[in-house]
Number of protein chains: 2
Amino acid sequence: MKVQDEAILHLQIAESIIEKIRSGEYLESDKIPSENELCRQFHVNRHVVRQAIARMTNLGWVTPVQGKGCYINRIMKPVQYVLSSQTRFSENMSNQGVPHKSKLLHWETGLPSEEECIHLELDPSETIYRLEILRYVDNTPMSVTTTVFPKTEVPGLENYFEGFHSLYGLLESHYQFRPVRSKSIFHASLPYLKDAKVLNIPESVPIVQIESLMNHPGGSPVEYSVARVRSDMHRCLIEF
Amino acid sequence: MKVQDEAILHLQIAESIIEKIRSGEYLESDKIPSENELCRQFHVNRHVVRQAIARMTNLGWVTPVQGKGCYINRIMKPVQYVLSSQTRFSENMSNQGVPHKSKLLHWETGLPSEEECIHLELDPSETIYRLEILRYVDNTPMSVTTTVFPKTEVPGLENYFEGFHSLYGLLESHYQFRPVRSKSIFHASLPYLKDAKVLNIPESVPIVQIESLMNHPGGSPVEYSVARVRSDMHRCLIEF
DNA sequence: TAGTGGTCTAGACCACTAC
DNA sequence: TAGTGGTCTAGACCACTAT
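Residues numbered from 1 in each chain as written. Chains lettered and ligands numbered in written order. Predicted model: local features only at pLDDT ≥ 70, side-chain atom pairs only at ≥ 80, totals over all residues. Heavy atoms only, no water.

Participant: Help me understand the protein's contact with DNA strand D in this model?
Facilitator: Around DNA strand D lies a shell of 23 residues, among which Ile-8, Leu-9 and Asn-45 of chain A together with Glu-35 and Arg-46 of chain B are the nearest. Expressed as a percentage, the sugar and phosphate content of the atoms of DNA strand D within 4 Å of the protein is 66%. Between DNA strand D and Gly-67 of chain A, the relevant distance is 3.5 Å, taken from a sugar or linking oxygen to a main-chain nitrogen or oxygen of the residue. One of the backbone nitrogen or oxygen atoms of Gly-67 of chain B is found 3.2 Å away from a base nitrogen of DNA strand D. Breaking the surface near DNA strand D down by element, the ones donating at least two residues are α1 (9-23) and α3 (46-58) of chain A together with α3 (46-58), β2 (62-65) and β3 (69-72) of chain B. (Near = heavy atom within 4 Å. Polar contact = N/O pair within 3.5 Å; in protein donor to acceptor, adjacent residues only side chain to side chain. Helix = DSSP H or I, 4+ residues; strand = E, 2+ residues; numbered from the N terminus.)

Structure representation (structure tokens):
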């Protein structure tokens, strides 16, 4: 490899390997050479190779697996999520013909946080349901969502968790309402370690945090949710 | 420090230092101890300390400066950008009382890319202006935007670049039109090295890419732009 | 058992800053 | 000149996978 001034070795190596993936020299869903092999190829220390791999991992090109090797990611077009007042996860995915499912990771009842009180216009003493939902696209975990309902809005919610597969389906069939999005706040960041673990990504892969307030069709707030979405699997379209 | 099982040293150290910043033990806009000092404090190798610092840097807590030390970032509330069909950068910032400015980094005329043709409904042979604009908030570079206009829409645009400070101000005063946003696509990722350099951030700090199509109030497309925004300085609000 | 990636130690040299 | 962060080398030990 030609060493250029003012260039950093590990970034050059990452660039070089990415180019080989792009060009087809390394085949998709195959593995790149092992760290030791790359050390020999580029005549550098393993530390440098590992930095290069970290960069590629964060960019979403490869996924290292302990004991096996470093797999090249299937190049997936990120899911395009159309955001409007009517948008819900399931329908968005179905519209794009993308296989998807949801899993209820955890649920609890309790008191709302200050943040939740403000958004849902709640008294701090009102009981709420708090759910943790993991959403899969193509059998890959794409997002974790924490979602909060006042207990008075969805009394006995826990009775319907058996065989959970779609939150909005559940609301519609048991409570006869369809929440409507009133606002969303986007924010990109790095994941908390806990979320990274659930989403099965390294802690340096960016995520998008989407904070949403949902209302009754009438106008009063019913649901406040915070979704953390793998950024490499997701883009969000807003039309005006 | 208490060493816990199944925890990773550098993440624990990052956690521990962040806690000291939070608690006020390390003062804002001061420096954290030097790498060597931290090595002594935590009884670990410099490599581990550097990983911890990398994590904190990516999370936006500190900024290392060669030869000087590792500065604790002023905790800034991210700028809240309200996205609507009428939104423009300057007005958004002014509404929040945030000091801001824009700088024209580069401009050129040339032929549109395939992408640009599609969005602007252009013939591949039509000439376009392509501008590269750096936007500052509080004297910190917040975003780089590449923006494209068909030449026929803004003939002689280069004559007005002298003393450039606001794109939309320029359009309004010299061409008597106000572009209106028709759609935007959000996507979080890691920056290209070139953008990271311009924005003065490490290449592992996430950015938000906002791709926008702007129309004439009448309806026909006039401007296609792609902004890369520091995620730690920015959140985006959409109301329905 | 051999090979892979994950973590950590030890130490070198550089560029930049402060004095 | 001394101290700081930036990059790289060399090598250890671990956990996991394949055989």
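Participant: Would you mind going over the protein's contact with DNA strand C with me for this structure?
Facilitator: Around DNA strand C lies a shell of 23 residues, among which Glu-35 and Arg-46 of chain A together with Ile-8, Leu-9 and Asn-45 of chain B are the nearest. Of all DNA strand C atoms lying within 4 Å of any protein atom, the proportion belonging to sugar or phosphate reaches 67%. Here a base nitrogen of DNA strand C sits 3.2 Å away from a polar atom, N or O, in the main chain of Gly-67 of chain A. Between DNA strand C and Asn-45 of chain B, the relevant distance is 2.7 Å, taken from a phosphate oxygen to a main-chain nitrogen or oxygen of the residue. Breaking the surface near DNA strand C down by element, the ones donating at least two residues are α3, β2 (62-65) and β3 (69-72) of chain A together with α1 (9-23) and α3 of chain B. Looking at the surface near DNA strand C, the element that brings in the most residues is α3 of chain B, giving three residues.

Participant: Would you take a moment to explain the interface of chain A and chain B for this structure?
Facilitator: In many reports, interface size means the accessible area that the parts give up when they come together. Each partner contributes residues to the interface: chain A has 37 residues there, and chain B has 38 residues. Taken over both partners, the interface formed by chain A and chain B buries close to 3000 Å², and the fraction arising from carbon and sulfur atoms is 63%. Among the residues chain A hides against chain B, the three largest losses belong to Arg-55, Leu-190 and Phe-240 of chain A. Together they make up 21% of the total. At the boundary of chain A with chain B, the tally comes to zero salt bridges. Connecting chain A to chain B are 14 residue pairs in polar contact (both at pLDDT 80 or more). Listed by contribution, the elements that provide at least two residues to the side of chain A that touches chain B are α1, α3, β4 (79-83), β8 (180-189), α7 (193-199), β9 (207-215) and β11 (234-239) of chain A. (Contact = heavy atoms within 4.5 Å. Buried area = accessible area lost by both parts, 1.4 Å probe. Salt bridge = Lys/Arg side-chain N within 4 Å of Asp/Glu carboxyl O.)

Spatial relationships are all this shows, so hold off on functional conclusions.
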